[in-house]
Amino acid sequence: GGRIPKRWVLLDSQSTTDAFSNPTLLKDIHKAKGSLTIHTQTGEAVARLKGTVPGCGLVWFCPDGIANILSIANVAKTMNVKFDSSDGNQFEVTKADGKKRTFTQSEHGLCCCDMRGA
C-alpha cells in the first residue's frame, strides 16, 4: 500500500537482476549495450541505462522504477551474505574489504538497507 522510500536498497531473493531508480545512489549513469525489460504487475518497463553502485558494481538504472533492488543471488557472487532469523530477520552483507551492511526487515516484510547518510 505505501511507497518505498527512495533511499532504501532492497535485497531481493526473487530478483534475477539489479535495478535502481534513485540516481543519487549511482555513479557514472550511461547508455547500456542492449536493454532490460522488467515485467511488473502493472505492465512492462524497459531500461536502457546502467550506473555503478559504489562498492557493489554495475546495475540497471530505471528512472521510472519504484525501488532500488539488488538480487541476493548476484550479491552472493562477490560478497558474503548471512541471514539471521533470531534477530529481527536480517541479512548481513560483508564486502571483500570487511565492510558490512545490514538489511533489516521492514514492517511490510521487505529486507532493506537505508542509505541515508551512507
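Predicted model only: the values in this text are computed from it and were never measured.

What exactly am I supposed to notice about the environment of Ile69 here?
With respect to the helices and strands, the residue Ile69 is situated in strand β6 (residues 69-71). Relative accessible area serves as the criterion here: at 21%, Ile69 is assigned to the partly exposed category. Sequence spacing of Ile69 and Val59 is 10 residues, and the spatial spacing of their C-alpha atoms is 9.1 Å. Beyond its immediate chain neighbours, meaning those up to four positions away, Ile69 contacts Leu10, Asp12, Ser15, Thr17, Asp18, Ala19 and Phe20.

Where do I start with the pattern of salt bridges in this structure?
Pairing between side chains of opposite charge can happen when their charged atoms approach one another. The tally for this structure, following the rule as stated, stands at 3 salt bridges. The residue Lys100 makes a salt bridge to Glu92 at a minimum N-O spacing of 3.6 Å. A relative accessible area of 28% means that Glu92 is categorised as partly exposed. Residue Arg116 is joined to Asp114 by a salt bridge in which the shortest nitrogen-to-oxygen separation is 3.1 Å. Using a relative accessible area of 59% as the deciding quantity, one classes Arg116 as exposed. Connected through shared salt-bridge partners, Arg7, Asp114 and Arg116 make up one network.

Could you clarify how one ought to interpret the state of the cysteines in this entry?
Chemically, a disulfide is nothing more than a covalent bond linking the sulfur atoms of two cysteines. Counted by the stated rule, this structure contains 0 disulfides. Free of any disulfide, Cys111 has its nearest neighbouring cysteine sulfur in Cys112, separated by 7.6 Å. Residue Cys111 is classed as buried on the basis of its relative accessible area, which comes to 13%. The cysteine Cys113 is free of any disulfide, with Cys112 supplying the nearest cysteine sulfur at 7.7 Å. Cys113 sits in the buried class, given a relative accessible area of 6%.

In this structure, what is going on with the layout of surface pockets? I would like to understand it.
Taking a probe equal in size to a water molecule and rolling it over the atoms shows the remaining empty space. The volume enclosed by the largest pocket comes to roughly 960 Å³. Lining of the largest pocket is provided by 37 residues; of these, Ile38, Thr40, Ile66, Ala67 and Ile69 occupy positions nearest its centre. Taken together, the elements giving at least two residues each to the lining of the largest pocket come down to β1 (8-12), β2 (19-20), β3 (27-40) and β4 (43-53). Counted by class, the lining of the largest pocket contains 19 nonpolar, 14 polar and 4 charged residues. Roughly 440 Å³ of volume is contained in the second largest pocket. What lines the second largest pocket is a set of 24 residues, and nearest its centre among them are Val9, Val53, Pro54, Arg101 and Met115. By residue number, the principal contributor to the lining of the second largest pocket is strand β9 (residues 100-105), which donates 3 residues. Here the lining of the second largest pocket is built from residues that sort into 14 nonpolar, 4 polar and 6 charged.

Thresholds applied
- Residues numbered from 1 in each chain as written.
- Predicted model: local features only at pLDDT ≥ 70, side-chain atom pairs only at ≥ 80, totals over all residues.
- Heavy atoms only, no water.
- Helix = DSSP H or I, 4+ residues; strand = E, 2+ residues; numbered from the N terminus.
- Buried < 20%, exposed > 50% of the residue type's maximum accessible area, 1.4 Å probe, protein only.
- Contact = heavy atoms within 4.5 Å.
- Salt bridge = Lys/Arg side-chain N within 4 Å of Asp/Glu carboxyl O.
- Disulfide = S-S within 2.5 Å.
- 1 Å grid on protein atoms, 1.4 Å probe; cavity = no way out; pocket = protein on both sides within 12 Å on 5 of 7 lines; lining within 4 Å.
- Points joined across faces, edges and corners; volume = space filled by probe spheres on them.
- Nonpolar A, V, L, I, M, F, W, Y, C, P; charged D, E, K, R; others polar.

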